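# Observations on the three-dimensional arrangement
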Amino acid sequence: MASIKSSWASHAHRVAPAFAVSQNGQMSARSEGFSNPSSDQSRLAEYRKVSAQSPQPDVIRYAAELLDSGALVAFPTETVYGLGARASNPKAISDVFLAKGRPLTDPLILHVARVEQVHELVSEFPEDAVELAARFWPGPLTLVLPRHPDVLDLITASQPTVAVRIPSHPVAQALLIETGFAVAAPSANRFGRISPSSAGHVVSELAGQYDLLLDGGPTTMGVESTVVDLSGAVPKLLRPGGVTLEELSAVLGQITYVDRVVAAETTNAPAPGLFLRHYSPRTPLLLVEGEESLTQHLIQALGDKGVTARSVEIPHDQIEAARNLYQLLRDADATDAKLLLVRPTQSAGIGRAVNDRLFRAAQGRSLKDCSEESVRRALAIALAESP
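The structure displayed is predicted, hence computed values, not measured ones. (Residues numbered from 1 in each chain as written. Predicted model: local features only at pLDDT ≥ 70, side-chain atom pairs only at ≥ 80, totals over all residues. Heavy atoms only, no water.)

### Overview of the overall build of the chain
The following threshold applies: Runs of H or I in DSSP of at least four residues are treated as helices and runs of E of at least two as strands, each being numbered from the N terminus. Residue exposure (1.4 Å probe, protein chains only): buried if accessible area is under 20% of the type maximum, exposed if over 50%, otherwise partly exposed. We call two residues in contact when some of their heavy atoms are within 4.5 Å. A 1.4 Å probe and the Shrake-Rupley method give the accessible areas. Residues count as covered only by the protein chains that appear here.
Helices and strands together make up the secondary structure of the chain, namely 13 helices and 17 strands. Taken over 387 residues, the chain has a buried fraction of 59%. Counting only contacts in the chain whose residues sit at least 6 apart along the sequence, the fraction spanning at least 24 positions is 73%. In the form shown here, the chain has an accessible surface area of approximately 15100 Å², with 50% of it arising from carbon and sulfur atoms.

As structure tokens, then:
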């Protein structure tokens, strides 16, 4: 297939997508010169089971051909399932935003197979990037770097940087090697909802919105990649993930991180995963910042007022917590509860990533006691937002 550098120009004639602004000021992709796959475009919606360890070459070849043609392919990575599109094809990238209902203010991560390809997507590759790539790629680490001018504005939310990573999952690796070009692949779910860690989750979220789903079984990491911004003077951890702050510090020495950073959905974010409303079940979720007994008291108090609340139990083992987080949230969301309550885990290691996802799934809302005011607030949220 064509090299990544030559692929950008091949789609330059396509029209850039327009912006539509909703009543709350949020921008999203509008179908102007594009087909909305949820309405007037019929997608193949094919399914292929693929070996997670030894992907079948014919299946991978077919998936690569679809991507090359502008189709959308959902595939597993070590973190979550992604909805892939050829990065040089504005039409395909626009279809990703439309399929997910994703605002154009939320940039996409570009996935490639080799470090050499990253150099064709960025204008700078500093020494810190060299060291992190050598230590953590392929793997669950995304680097934010100054972009190459040929990278589409649609991918970067018109920012001067681009987010790139090399996934380690054998299916993702085989697919990216076969294509030879960069693939933009946000999580394969509706924007703001629980991320997909299995093919079944993709079907429940985006049935009919993709051309092909590669089922490689459940993902091994369970939460999204770590995002590190290397465009400034000092490395900055934007989103905790599979590579921990402790591991990054061991390589870089100096790195800044501010917990619970939130970007407004109406402003262009520097990286994905920074909006307050993210990873959310349909049933409203609240953080409980206290002991397990506080959760039980809240469940009892809400039950006395006719509202069924349920506790989401996060495993003490952080690796297990990360791997099973999204399944636990989906299981709780499928119950008859009108409100979900969850206690954060230890904020260290990959626990930071788990807590970051829980904070955004709860839209930053928490309870610290069982006072009448707290119960009344929880009750109001349950009655106003429960499906």
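### Describing helix 7 (residues 170-179)
Within helix 7, burial applies to Val171, Ala172, Gln173, Leu175, Leu176 and Thr179. On its buried face, helix 7 is in contact with helix 2 (57-69), strand 4 (73-76), strand 6 (109-111), strand 9 (183-184) and strand 10 (212-215). Following helix 7 by one or two positions, glycine 180 has its phi on the positive side, about 80 degrees.

### Concerning the packing of aromatic side chains
Put simply, the test is: Two rings belonging to Phe, Tyr or Trp (six-membered ring only in the last case) form a pair when the distance between their centres is within 6.5 Å. Interplanar angles under 30 degrees mark stacking, angles over 60 mark edge-to-face geometry, and anything in between is tilted.
Tallying each qualifying case throughout the model produces two aromatic pairs. Note on tyrosine 279 and tyrosine 326: the rings are 6.1 Å apart at their centroids and 20 degrees apart in plane angle, and the pair reads as stacked. With tyrosine 279 in the loop between strand 13 (256-257) and strand 14 (285-288) and tyrosine 326 in helix 11 (residues 318-333), the pair connects residues that are 47 residues apart, well separated along the chain. Judged by its relative accessible area of 2%, tyrosine 279 falls in the buried class. Judged by relative accessible area, tyrosine 326 falls into the buried class, the value being 0%.

### Structural notes on the sheet that holds strand 4
For the record, the criterion: For two strands to count as paired, DSSP must find a minimum of two bridges between them. To obtain each axis, a line is fitted to C-alpha atoms, and for helices this fit is confined to the stretch in contact; angles are then taken between N-to-C directions over 0 to 180 degrees.
As summarised here, the arrangement of the 11 strands in space is 3-10-4-5-9-6-8-7-11-12-13, forming an open sheet in which the pairing is mixed. The open sheet has two edge strands with one neighbour each: strand 3 (46-49) and strand 13. One ladder, built from four bridges, connects strand 4 with strand 5 (residues 81-86); its direction is antiparallel. Bridge pairing in strand 5 links proline 76 to tyrosine 81. Against the sheet, helix 3 (residues 90-100) engages strand 5 and strand 9, with an angle of about 145 degrees to strand 5.

### Remarks on the sheet that holds strand 17 (residues 366-367)
The strand order across the open sheet built from four strands is 15-16-14-17, with neighbouring strands paired in parallel fashion. The open sheet has two edge strands, strand 15 (309-312) and strand 17, and neither has a second partner. Bridge analysis of strand 15 against strand 16 (residues 339-342) gives four bridges, and the strand direction is parallel. Counted as the bridge partner of alanine 309 is leucine 339 from strand 16.

### Focus on helix 12 (residues 351-361)
A large share of helix 12 lies buried, amounting to 11 of its 11 residues. Residues of helix 12 that are buried in the fold lie against strand 12 (236-239), helix 9 (245-252), strand 13, strand 14, helix 11 and strand 16. At the exit of helix 12 stands glutamine 363, carrying a positive phi of roughly 55 degrees.

### Structural notes on unusual backbone geometry
The linkage connecting tryptophan 137 with the following residue, proline 138, adopts the cis geometry, with an omega of -5 degrees. Its place among the elements puts proline 138 in the loop between helix 5 (127-136) and strand 7 (141-146). Non-glycine residue alanine 45 carries a positive phi angle of around 55 degrees. Structurally, alanine 45 can be placed in the loop between strand 2 (27-30) and strand 3. Judged by its relative accessible area of 38%, alanine 45 is partly exposed. Its identity is not glycine, yet tyrosine 279 carries a phi of approximately 60 degrees, on the positive side.

### What to know about the packing of helix 2 against helix 7
Applied cut-off: Oblique is the label for any angle not covered by the other classes, which are roughly parallel (under 35 degrees), roughly antiparallel (over 145) and roughly perpendicular (65 to 115). By convention the crossing between two helices is left-handed if the near helix lies anticlockwise of the far one by an angle smaller than a right angle, and right-handed if it lies clockwise. Under the scheme applied here, ten amino acids are nonpolar (Ala, Val, Leu, Ile, Met, Phe, Trp, Tyr, Cys and Pro), four are charged (Asp, Glu, Lys and Arg), and all others, including Gly, are polar.
The N-to-C vectors of helix 2 and helix 7 enclose an angle of 55 degrees; their axes lie 9 Å apart at closest approach. When the axes of helix 2 and helix 7 are compared, the pair comes out oblique. Of the two elements, helix 2 crosses helix 7, and the hand of that crossing is right-handed. For the pair helix 2 and helix 7, contact is made by Ile60, Arg61, Ala63, Ala64 and Leu67 and by Val171, Ala174, Leu175, Glu178 and Thr179, respectively. Of the residues contributing to the contact of helix 2 with helix 7, the split by class is seven nonpolar, one polar and two charged.

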